[in-house]
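# An overview of the molecular structure
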Amino acid sequence: MTLRIGILGAARVATYALIDAARAVDGVMVQAVAARDPARARAYADQHGLARAYPDYQALIDADDVDAVYVALPPSLHARWSIAALAAGKPVLCEKPFALTIADAEGMVAAEAHHGGLLMEAQHSHYHPLAAHMRALVQSGALGTLTQVEAEFCVPIAPAPGEIRYDRGLGGGALWDLGVYPAYWAASALAAPLSLAAATQRWVTDDPAGADIATDARLTTASGTAVRLRCAMDAPLSAQIRFTGSRGWLAIRNPLAPHCGHECRWSVDGQEQAQQFAGPSTYAAQLIAFRDAVHGGPPVPTRGAASLATIRLLSAIDHQARTGAPHAD
């Protein structure tokens, strides 16, 4: 049975994260789109060959020819419309960051449980074989006692009219748009809670009330592993993570989108290895996992407690960097 997906938001991310990915995945069809401006939705549907353009978000959610909903809206709208889709009985694939507040994230998870639905966060890199290798190697203990983890994601993003990543109110800023990735990579590999030690930020026009241009956070695990997370919108493109342990290390370049090229090297007891990991794009792999979960297959891990943990961590980093005080939660 083909899973017909409707897109909330005529967003650029949906073109490569869903529409292009769906062309490589059996049993999935991107059926429709809705936007605040009906004319924009119609133009987007025509451009991408979608069958329907709905005049507003609720109309798409209520449509009989839409089986599941992909939320590609600004992060400030994720909670409201994910919950609305769940209430209508539609499975949801929600773009990251999952939410902008702990209360919103908790409300989304509660709605999923209440309605007995599926709410999956689009942490697409999790579903690639490279990420599976990273988690397996780190959690196997082969690297010995882990002493340090360094993860970063930087993308040069220039200010421009309509660029929501410079609008804090919509969920912009380096931390929420970029930092969500290294935070998740590190936490998923370590499979342990991270405690914040210190965090610093640089802001647009040096205003702590605005979006952050860059964030640098230092954290620890209960076992003493030091974790450093960095992200920036005014630095050269860089996506990487490195684990250092008493018996060896693991270094990965481009854990974000390894289908576009990556490096994975590790050393255990002085024996260095390198491997390339084939597979579909991270977006296609994510869509396969979503499709299968909707049809009663294996549960997806990028949801619920994992999503809540990421939002709690980002909230703590943001609060500490802006106020110098620990987050209350």
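Residues numbered from 1 in each chain as written. Predicted model: local features only at pLDDT ≥ 70, side-chain atom pairs only at ≥ 80, totals over all residues. Heavy atoms only, no water.

### Quick notes on the overall build of the chain
What counts here: Secondary structure counts use DSSP, requiring at least four H or I residues in a row for a helix and at least two E residues in a row for a strand, with both numbered from the N terminus. Each residue gets one of three labels from its accessible area relative to the maximum for its type: buried under 20%, exposed over 50%, partly exposed in between, using a 1.4 Å probe on protein chains only. For this analysis, residues touch if any pair of their heavy atoms sits within 4.5 Å. Only the protein chains shown count as covering a residue, and every accessible area follows the Shrake-Rupley method with a 1.4 Å probe. Working convention for charge: Lys and Arg count positive, Asp and Glu count negative, and His plus the chain ends are omitted. Charged side chains are reduced to one point each, which is NZ for Lys, CZ for Arg, CG for Asp and CD for Glu.
When helices and strands are tallied, the chain shows nine helices and 14 strands. Overall, the chain is about 55 × 45 × 40 Å in size when its C-alpha atoms are taken along their principal axes. Going through the 329 residues of the chain one by one, you find that 55% of them count as buried. Taking all contacts inside the chain whose residues are at least 6 apart in sequence as the whole, residues at least 24 apart take part in 67%. Surface accessibility of the chain: about 13700 Å² in total, with carbon and sulfur atoms responsible for 53%. Mean positive and mean negative side-chain charge positions of the chain (25 and 30 charges, respectively) differ by 3 Å.

### Concerning the sheet that holds strand β7 (residues 146-154)
Short version of the rule: Only strands joined by at least two bridges in the DSSP assignment are considered to pair. Think of each axis as a best-fit line through the C-alpha atoms, taken over the contacting stretch in the case of a helix, with angles from 0 to 180 degrees between the N-to-C directions.
Read across the sheet, eight strands follow the order β8-β9-β10-β7-β11-β12-β13-β14 without closing on themselves; strand pairing throughout is mixed. The sheet terminates laterally at β8 (195-203) and β14 (271-274), the two strands that pair on one side only. Neighbour-to-neighbour, the strand axes of the sheet open up by a mean angle of 10°, direction not taken into account. Pairing of strand β13 (residues 263-268) with β14 involves four bridges; the strand directions are antiparallel.

### Some thoughts on the pairing of strand β10 (residues 226-232)
Here seven bridges tie β7 to β10, and the two strands are oriented parallel to one another. The residue of β10 that forms the bridge with Val149 is Val227. In this sheet, β10 lies alongside strand β9 (residues 212-220) in antiparallel orientation, the contact comprising seven bridges. What sits directly across from Ala214, in β10, is Ala232. Counting the residues between successive antiparallel strands, the hairpin from β9 to β10 contains five residues, one of them, Gly224, with a positive phi of roughly 100°.

### As for helix α7 (residues 174-190)
Stated precisely, the cut-off is as follows: Multiplying one less than the number of residues by 1.5 Å gives the expected span of a helix.
Counted at 1.5 Å a residue, the expected span for α7 with its 17 residues is 24 Å, and the 23 Å between its end C-alpha atoms agrees. The element α7 is largely enclosed, with a buried count of 16 among its 17 residues. After α7 finishes, the residue Ala191 shows a positive phi value of roughly 50°.

### Considering the sheet that holds strand β3 (residues 52-54)
Strand order in the open sheet formed by six strands is β3-β2-β1-β4-β5-β6, and the pairing between neighbours is parallel. Each of the sheet's edge strands pairs with one partner strand only, and the pair in question is β3 and β6 (119-121). Here the average twist between neighbouring strands, direction ignored, is 25°. With six bridges joining them, strand β1 (residues 3-8) and strand β2 (residues 28-34) adopt parallel strand pairing. Each residue of the ladder has a partner; that of Leu3, found in β2, is Val28. Here helix α2 (residues 38-48) sits on the sheet and contacts β1, β2 and β3; the angle it forms with β3, its principal contact strand, is near 165°.

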